Amino acid sequence: MPELDAPLALLAELTHRCPLQCPYCSNPLELERNRAELDTDSWRRVLDEAAALGVLQVHFSGGEPTARRDLDELVRHASGIGLYSNLITSAVLLDAERAKTLAAAGLDHVQISFQDTDDAAGDRVAGYEGAQRLKRAAAQHVRDVGLPLTLNAVVHRQNLAQLPAMIELAVELGAGRLEVAHVQYYGWALANRAALFPTRKQLNAATATVEAARARLRGKLVIDYVVPDYHAELPKACMGGWGRRFLNVTPSGKVLPCHAAETLPGFQFPSVRDTGLAAIWRDSDAFNRFRGTSWMREPCRSCERRELDWGGCRCQAFALTGDAAATDPVCVRAFNRGVFDEAIQASEGPPPPFVYRRIGGRPVPSQPPRQPLDALG
């Protein structure tokens, strides 16, 4: 195996608690209860070990990270040891006072997710009444304290018509960056694929909208664009390649090569409760199993792109083929491209009801009541 570089980023999933119930949430179907969460001292130690390992950025995420009362303290600690800190938030709990406190603690950047521009439609996706109104207010609080702002516009078949308005919303709210991210189909999103997956016509229209906006807003707004893998022809280097650039620590302390890795069978993911972060990064089977290229089969093994895409996404390969070591079906050279046919056909029909993100595994489709923060207690 080639010499191992240090990871660049740590995704610190502080909690799975969240007021929202988004049907494309990247959290696992089995959500961790708050009594299993790492305490403040443990998270401080994780941050120290990450910095010593060479990590440059920490992304505080969840669930909803502002549900943690010690978030300000963790941000302050990250700043004190030289880590660039980014808050990835639904923002419905981010009031003006909390924004001031986080800025004073040394927070460097905030990302706020938006489900739509229409309040009723956005609240329906979030499963939370008033979510869109609170997000707009939070964006203003972020700008008022002088923090850079990114808007994450999560797009799918039921809101793509609003994409031009989402771009204008980013300008209106003073964001420096907009990430137009098509839903990727793992976890809750896979359970809701038929309700979310766009048609090729929708994708083409969205791509044209983004390209036109990039040209029109050059120098004012940076627009990142993440297309759904199912409509692609070449796989992406998922997380920069398995175990190459990225560490994910779950609320209970498990360390993953990507946020969806727990969907893969046959893994015992190590925990920071038992093992240091550096040893996990260097030596654990969980990080070494799909690292590099020696694990690859044909056609990946002899492909000239094998050190560009690193075999694509292992979680997607498993979700669609049942084999985590299979070629990512996105690739035009894959033997199993037909696995996308069902999703593509379903996108032409009426969308089924959402299966909302809730405690206790995969629930039945239903209307989304407002979920209290202690629901995961």
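For the structure itself, look to the data block above.
Here's a quick rundown of the structure. (Residues numbered from 1 in each chain as written. Predicted model: local features only at pLDDT ≥ 70, side-chain atom pairs only at ≥ 80, totals over all residues. Heavy atoms only, no water.)

The next subject is unusual backbone geometry. The linkage connecting G62 with the following residue, G63, adopts the cis geometry, with an omega of 20 degrees. Here G63 is to be found in the loop between β2 (57–61) and α2 (71–80). A cis amide bond, omega 10 degrees, links E298 with the succeeding residue P299. Not every positive phi belongs to a glycine, and A91 is a case in point at roughly 75 degrees. For A91, the position within the fold is in the loop between β3 (84–89) and α3 (96–105). Residue class for A91 comes out buried when judged on its relative accessible area of 1%. The phi dihedral of W310 falls on the positive side, at around 55 degrees, and the residue is not glycine. Its relative accessible area of 12% is what places W310 among the buried residues. (Helix = DSSP H or I, 4+ residues; strand = E, 2+ residues; numbered from the N terminus. Buried < 20%, exposed > 50% of the residue type's maximum accessible area, 1.4 Å probe, protein only.)

Our focus in this paragraph is the side chain of R314. You can see R314 is positioned in helix α13 (residues 314–321). Look at R314: it is buried, it has no salt bridge, and the nearest opposite charge is D328 at 5.4 Å. In terms of polar contacts, R314 uses its side chain to reach the backbone carbonyl oxygen of A324, at 2.5 Å. If near-sequence neighbours (up to four positions away) are discounted, R314 is found in contact with W242, L264, F290, W295, A324, A325, A326, T327 and D328. (Lys, Arg positive; Asp, Glu negative; His and termini not counted. Salt bridge = Lys/Arg side-chain N within 4 Å of Asp/Glu carboxyl O. Polar contact = N/O pair within 3.5 Å; in protein donor to acceptor, adjacent residues only side chain to side chain. Contact = heavy atoms within 4.5 Å.)

Residues L71, D72, L74, V75 and A78 constitute the buried set of α2. For α2, the angular spread of buried residues about the axis comes to 165 degrees, placing them on one side. Contact partners of the buried residues in α2: α1 (40–53), β2, β3 and α3. Directly after α2, the chain includes G82, whose backbone phi takes a positive value near 85 degrees. (Arc of directions from axis to C-beta.)

With that out of the way, let us pick up the pairing of strand β7 (residues 222–226). Here β7 shows a clear split, with I223 and Y225 buried on one side and none of V222, D224 and V226 buried on the other. Note: strand β6 (residues 177–182) against β7, five bridges, orientation parallel. Its bridge partner lying in β7, L178 is registered against I223. (Pairing = 2+ DSSP bridges.)

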